[in-house]
Amino acid sequence: MITEDASARTVMQRCDILGSYSEEPGRLTRPFASKAMRQVNETVTVWMQAAGMTVQQDAIGNLIGRYEARLAGAKTFLLGSHLDSVRDAGKYDGPLGVMIAIACVERLHQRQEHLPFAIEVLGFADEEGLRYSTAYLGSRAMTGTFDLEALNLTDAEGIPMAEAIRNFGGNPDPRALQTPRWHHDDLAGYCEVHIEQGPVLEALKLPVGIVSAIAGQSRITVRFIGEAGHAGTVPISLRHDALCAASEFVLAVETLARNMPGVVATVGQLTVQPGASNVIPGQVTLSLDVRHQDDTVREQACRRLEEQAHAISQARGVLLNWQLLHEQHAVPCSPRLTKLLAKAIVEMGYPLHSLPSGAGHDAAVLSKLTDIAMLFVRCRGGISHNPAESVTEEDVEIAIKVLERFLLLLSSEEGN
Ligand SMILES: [Zn+2]
């Protein structure tokens, strides 16, 4: 049992404990359906039970803790985040949201208080996609949007996903994985607390912030095809250097993003062929990642970049190949829930700031089924996906109180 004042400390300690369950010695790596995930689910089960919840693990390995409503037949409000991690991860990306949710339920339980809606705290089995390179396995299985083809994927050791699920104690039966746990009408919404993973709140000296939307994303492969040649014999004026074209484009990406508010655009991979010190680059393939919380702005940015890539390749006499790999629409957070979250923050005496999430979250998948809201917690230096990930106990305490206040505001809105 934890007392009110100790909630934040308990959350910090629990994140430390979960951080020790890893598949790799000396660093935190917790892939989907691993032994480390089993240890985490067992440990979190005990904490959920202590907070007055009944606990079950679903077909794909998501952990679900349920705290009943005041009256039977009420709707369910969802809280949660993911319990898996990237390779060499930090302790807070994912688990912090689950631990804060449990802390809020535990406080209700201590007061013997039940709300007009049930609460389910969800610990998702896979968000990061480390083991099978497919993100959101957990939330997809819960919302009926699981892609069955994923079952045939194999991990680095050749283990098919279906086998991994079975070994974990789950059920790879298509019906089990594709049946949503709830219908839209059963739910009152979903709220996820997560570290910001960016430096904005720290720069503004704010402990928490409200997410306005989860940004949409375009992933594009751009190829400049020039002409390879001898680095000593082909004069500069006669070259068709693919890397020079690509370099010009990389800087054009940065310039465009600087001039379009809210746009973030990144070239993160560059492959130069043939890739020898004495050969003029003949072909360069690069990755382009463009994000914005407004889909029309993102699409416009991509169109302009494609035009610029064409202009650069024309001027340099190289060919261009532009291939859209993947596109994800922006997911706006619910005005109804966001307003309550904002009210909770203001009532607690903190200034309000809303910001888009540049990273994807389980909330985006849950939005297919119900209204979503997200609360960001400041993290040091904006660092995440890194063992240096860090949050303060003070900020965690504020996040717990904001979420608790939010649940009470939602209760009075939902009536009785
Ligand atoms: Zn995360």
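Residues numbered from 1 in each chain as written. Predicted model: local features only at pLDDT ≥ 70, side-chain atom pairs only at ≥ 80, totals over all residues. Heavy atoms only, no water.

Draft legend 1. Seen up close, the overall build of the chain. Helix and strand counts for the chain stand at 12 helices and 16 strands. For 416 residues, the compact-globule estimate of 2.2 N^0.38 gives 22 Å, and the chain sits close to it at 24 Å. Considered along the principal axes of its C-alpha atoms, the chain spans approximately 80 × 50 × 40 Å. A buried classification covers 52% of the 416 residues belonging to the chain. Summing over all exposed atoms, the chain offers an accessible surface of approximately 18000 Å²; the carbon and sulfur share of this is 50%. (Helix = DSSP H or I, 4+ residues; strand = E, 2+ residues; numbered from the N terminus. Rg over C-alpha atoms; globule rule 2.2 N^0.38 Å. Buried < 20%, exposed > 50% of the residue type's maximum accessible area, 1.4 Å probe, protein only. Areas by Shrake-Rupley, 256 points an atom, 1.4 Å probe, with all protein chains shown as cover.)

Draft legend 2. View of the coordination of the zinc ion. Within the protein, H82 (NE2), D93 (OD) and H194 (NE2) serve as the donor atoms for the zinc ion, at 2.0 to 2.2 Å. Between consecutive donors of the zinc ion, the numbers of intervening residues give the motif H-x10-D-x100-H. Remark: H194 occurs in strand β5 (residues 187-195) and D93 occurs in the loop between β3 (76-82) and α3 (95-110); sequence separation between them is 101 residues. Each member of the pair, D93 together with H194, is buried. (Donors = N, O, S within 2.8 Å, 3.2 Å for Na, K, Ca; no water.)

Draft legend 3. Structural detail: the pattern of salt bridges. Tallied over the entire structure, the rule returns 24 salt bridges. Among the ionic pairs, E248 bridges to R316, the shortest N-O distance being 2.8 Å. Taken together, the positions of E248 in helix α8 (residues 242-259) and R316 in helix α9 (residues 295-316) put the pair 68 residues apart, joining distant regions of the chain. Across the pair E254 and R258 runs a salt bridge whose closest N-O atoms are separated by 2.8 Å. With E254 and R258 both in helix α8 and four residues apart, this pair spans about one turn of that helix. (Salt bridge = Lys/Arg side-chain N within 4 Å of Asp/Glu carboxyl O.)

Draft legend 4. Up close: the packing of aromatic side chains. Evaluation of the coordinates by the stated rule reveals six aromatic pairs. Consider the rings of F77 and F117, whose centres lie 5.9 Å apart with planes at 55 degrees: the pair is tilted. Of this pair, F77 sits in strand β3 while F117 is found in the loop between α3 and β4 (118-124), placing the two residues 40 residues apart along the sequence. Taken as a pair, F77 and F117 share a single burial class, namely buried. Relative to W322, the ring of F249 lies with its centre 6.1 Å away and its plane at 90 degrees, an arrangement referred to as edge-to-face. With F249 in helix α8 and W322 in strand β13 (residues 319-328), this residue pair connects regions lying 73 residues apart in the sequence. Per residue, the accessibility class of F249 equals that of W322, and both read buried. Three or more aromatic residues link up through ring pairs in this structure, and these residues are F77, F117 and F406. (Phe/Tyr/Trp six-rings, centres within 6.5 Å; stacked < 30°, edge-to-face > 60°.)

Draft legend 5. Unusual backbone geometry, seen in detail. Here the amide bond leading from Q273 into P274 is cis, since omega sits at 0 degrees, within 30 degrees of zero. Structurally, P274 is set in the loop between β10 (270-273) and β11 (279-280). Residues other than glycine seldom take positive phi values, yet D88 does so here, at roughly 55 degrees. Tracing the chain through its elements places D88 in the loop between β3 and α3. For D88, a relative accessible area of 25% translates into the label partly exposed. In this model, Q197 sits at a positive phi of 65 degrees, which is unusual for a non-glycine residue. Along the chain, the position of Q197 falls in the loop between β5 and α7 (200-203).

Draft legend 6. Highlighting the state of the cysteines. The final tally for this structure, using the stated rule, is zero disulfides. Considering cysteine sulfurs only, C191 is the nearest to C104, which forms no disulfide, with 9.3 Å between them. C191 supplies the cysteine sulfur nearest to C333, a cysteine that is in no disulfide, at a spacing of 8.7 Å. C333 gets classed as buried once you look at its relative accessible area, which sits at 7%. (Disulfide = S-S within 2.5 Å.)

Draft legend 7. Broad picture of the pairing of strand β12 (residues 283-292). When you tally the buried positions in β12, you get seven out of 10 residues, the bulk of the element. Alignment of strand β9 (residues 264-266) against β12, held across three bridges, turns out to be antiparallel. Paired with T266 across the strands is D289, a residue of β12. Bridge count for β10 against β12 is four bridges, and the pairing is antiparallel. (Pairing = 2+ DSSP bridges.)

Draft legend 8. Structural view of empty space enclosed by the protein. Considering all chains together, one arrives at one cavity of 30 Å³ or more under this definition. In this model, the largest cavity occupies a volume close to 50 Å³. Surrounding the largest cavity, R30, H82, D84, S85, V86, A89, G90, D93, P95, E128, H385 and E389 form its lining. When grouped by side-chain class, the residues that make up the lining of the largest cavity number three nonpolar, four polar and five charged. (1 Å grid on protein atoms, 1.4 Å probe; cavity = no way out; pocket = protein on both sides within 12 Å on 5 of 7 lines; lining within 4 Å. Points joined across faces, edges and corners; volume = space filled by probe spheres on them. Nonpolar A, V, L, I, M, F, W, Y, C, P; charged D, E, K, R; others polar.)

Draft legend 9. Just the nonpolar core, in detail. In terms of nonpolar packing, the biggest core is built from 78 residues, with V44, F77, L96, I119 and F406 touching the most fellow members. Among residues more than four places away in sequence, those in contact with V44 are L18, L63, L83, M99 and I102. Formed by 27 residues, the second largest nonpolar core is a distinct cluster that contains F224, F249, M260 and V263. (Core = buried A, V, L, I, M, F, W, Y, C linked by side-chain atoms within 4.5 Å. Contact = heavy atoms within 4.5 Å.)

Purely geometric numbers; function is a separate question.
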